[in-house]
Amino acid sequence: MPGAVARARAIARAVEESGEPWVATTLVSGQALVLGALQRERQVRQRHADLRMYRAETRSTTGVSLLVSEGAVQQLIVVPRVNGLFGDASAGNFINRTVRGFLRAYNGCGAKAHYFGREHFTLSRRPAGVLGLDVTSGGVWILEAWVGLEAATALDEFNGHSPIGLREALRQARSKRAEDSAGVLVERLHERLRGAFEVPAEAAPSEEPERIEDDPSGPEGIQDSDVHFAQREVPIGVLELGCKVAEPSGSFDVRCRGDVLTSVAAVRDLERRLQGGARAEALEALAGVPWEGARPGDLEALIEGLPLIS
């Protein structure tokens, strides 16, 4: 599990340096409650108290949490610019365009994959592929998907349908791949992901990028546990904004957290602008990056509720 998180960071760094897109597939073992980069563990555990026996890991992409309990497939599509694979891609449609690669990979293995504009894609119309997203400070765009092998990674129902793992979805679809080994399934998924973007096998790099174990974009200074957060329900979960006054200087720190799919670097910029008193210009930090799963008005309402900067 830690290796999969580190690999995602390393690939993002490699794309920043090379300017060449990557697609990657990883067979993930271990057990963990995997948090989005902007989620607070305390808040997630309050919502999912039944998962307290699982240790928490934080991935580099934003979005909702997921559970790896009986193996999972992690897939990455990483591009050096928003339209690196689709000429008409933009911040507003990046997920809708790019998720097609994952859908083609799973459909190519016999599962029935669809995307309905949510924080996940479905297999057999049930939540399956939990998505993660980021736009790095170096301009790299990342879409990530986690699908459980034997047990679902998604934690929440969708339209009354419970989450599903890949093996069960393949059996429901009567796919001949349903009884393939985990290794064979992962190889097939990666082959189909490459094929979705017409990436030949010989184009694969000969060496893995150097791993990045620590998240260089993490916040400095005060801990989230020291901050009082105001919350607002959004379509895919919760959006939070908190403020902490430093005594005796009177300066303050701002933290933006939650389930939204966006750019970590842009959110850090938003926090800095708010801390500097530039409330009117704060939302400009999010211009040009996705803000999915919540509305701009949700963030504006939380900012209005912060007395120190309203």
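The structure contained in this document is the topic of the report that follows. (Residues numbered from 1 in each chain as written. Predicted model: local features only at pLDDT ≥ 70, side-chain atom pairs only at ≥ 80, totals over all residues. Heavy atoms only, no water.)

Of all the residues in helix α8 (residues 296–304), the buried ones are Asp 298, Leu 299, Leu 302 and Ile 303. The buried side chains of α8 occupy one side of the element, clustering within an arc of 135° when seen end-on. Contact partners of the buried residues in α8: β10 (228–234), β11 (237–245), β12 (252–258), α6 (264–275) and α7 (279–282). (Buried < 20%, exposed > 50% of the residue type's maximum accessible area, 1.4 Å probe, protein only. Helix = DSSP H or I, 4+ residues; strand = E, 2+ residues; numbered from the N terminus. Arc of directions from axis to C-beta. Contact = heavy atoms within 4.5 Å.)

Attention now moves to the packing of aromatic side chains. One pair of aromatic rings is described through two measures. These are the centre distance and the angle between the planes. Scanning the model with the defined rule gives five aromatic pairs in all. Seen from their ring centres, Tyr 106 and Phe 121 are 5.6 Å apart, and the 50° between their planes marks the pair as tilted. Of this pair, Tyr 106 sits in helix α3 (residues 94–108) while Phe 121 sits in strand β7 (residues 120–123); the two residues are 15 residues apart in sequence, bridging distant segments of the chain. The residues Tyr 106 and Phe 121 share a single accessibility class, namely buried. These aromatic residues form a ring-pair network of at least three members: Phe 102, Tyr 106 and Phe 121. Directly above the ring of Phe 86 sits Arg 100, whose terminal nitrogen or CZ lies 5.5 Å from the centroid. (Phe/Tyr/Trp six-rings, centres within 6.5 Å; stacked < 30°, edge-to-face > 60°. Lys NZ or Arg CZ within 6 Å of the ring centre and 35° of its normal.)

Here we take up unusual backbone geometry. Even without a glycine there, the phi angle at Ser 124 is positive, about 55°. Phi at Asn 159 is positive, roughly 55°, even though this residue is not glycine. Mapped onto the fold, Asn 159 is located in the loop between β9 (141–148) and α4 (166–172). Relative accessible area serves as the criterion here: at 64%, Asn 159 is assigned to the exposed category.

Moving on, we come to the environment of Val 73. If you trace the backbone, Val 73 turns up in strand β5 (residues 72–79). Spatially, the C-alpha atoms of Val 73 and Val 234 are 27 Å apart, while their sequence positions differ by 161 residues.

Tracing the backbone shows Thr 136 in the loop between β8 (126–135) and β9. We classify Thr 136 as buried; its relative accessible area is 16%. Within the structure, the side chain of Thr 136 is placed 2.6 Å from the side chain of Glu 16, a separation counted as a polar contact. (Polar contact = N/O pair within 3.5 Å; in protein donor to acceptor, adjacent residues only side chain to side chain.)

Before going further, it helps to spend a moment on the pattern of salt bridges. Under the criterion given, the structure shown has 19 salt bridges. With its nearest N and O atoms 3.9 Å apart, the salt bridge here joins Glu 144 to Arg 59. Taken together, the positions of Glu 144 in strand β9 and Arg 59 in the loop between β3 (56–58) and β4 (66–68) put the pair 85 residues apart, joining distant regions of the chain. Judged by relative accessible area, Arg 59 falls into the buried class, the value being 1%. Bridged by salt links that share partners, the residues Arg 232, Arg 295 and Asp 298 form one connected network. (Salt bridge = Lys/Arg side-chain N within 4 Å of Asp/Glu carboxyl O.)

When β10 meets β11, the two strands line up antiparallel, connected through seven bridges. Each residue of the ladder has a partner; that of Gln 231, found in β11, is Glu 240. Hairpin connection from β10 to β11: two residues lie between these consecutive antiparallel strands. (Pairing = 2+ DSSP bridges.)

Now for the environment of Pro 80. If you trace the backbone, Pro 80 turns up in the loop between β5 and α3. Take Pro 80: its relative accessible area is 18%, and that puts it in the buried class. Separated by 15 residues in sequence, Pro 80 and Ser 65 place their C-alpha atoms 26 Å apart. Residues contacting Pro 80, with those up to four places away along its chain left out, are Val 15, Gly 19, Glu 20, Pro 21, Gly 139 and Val 140.

Taken together, three strands build an open sheet; the order of strands is β10-β11-β12 and the sheet is antiparallel. Strand pairing shows two members of the sheet lacking a second neighbour, β10 and β12, which therefore form its edges. Averaged over all pairs of adjacent strands, the angle between strand axes in this sheet comes to 15°, irrespective of strand direction. Along the sheet, α8 contacts β10, β11 and β12; its crossing angle with β10, the most-contacted strand, is approximately 150°. (Axes fitted to C-alpha atoms, helices over the stretch in contact; angles between N-to-C directions.)

So, about the sheet that holds β4. Read from one edge to the other, the open sheet built from three strands follows the order β3-β2-β4, with strand pairing classed as mixed. Strands with a single pairing partner mark the edges of an open sheet, and in this sheet they are β3 and β4. For this sheet the average axis-to-axis angle between neighbouring strands, irrespective of direction, equals 30°. Pairing of strand β2 (residues 32–35) with β4, which is carried by three bridges, proceeds in the antiparallel orientation. Bridging across to β4, Val 34 finds its partner in Leu 66.

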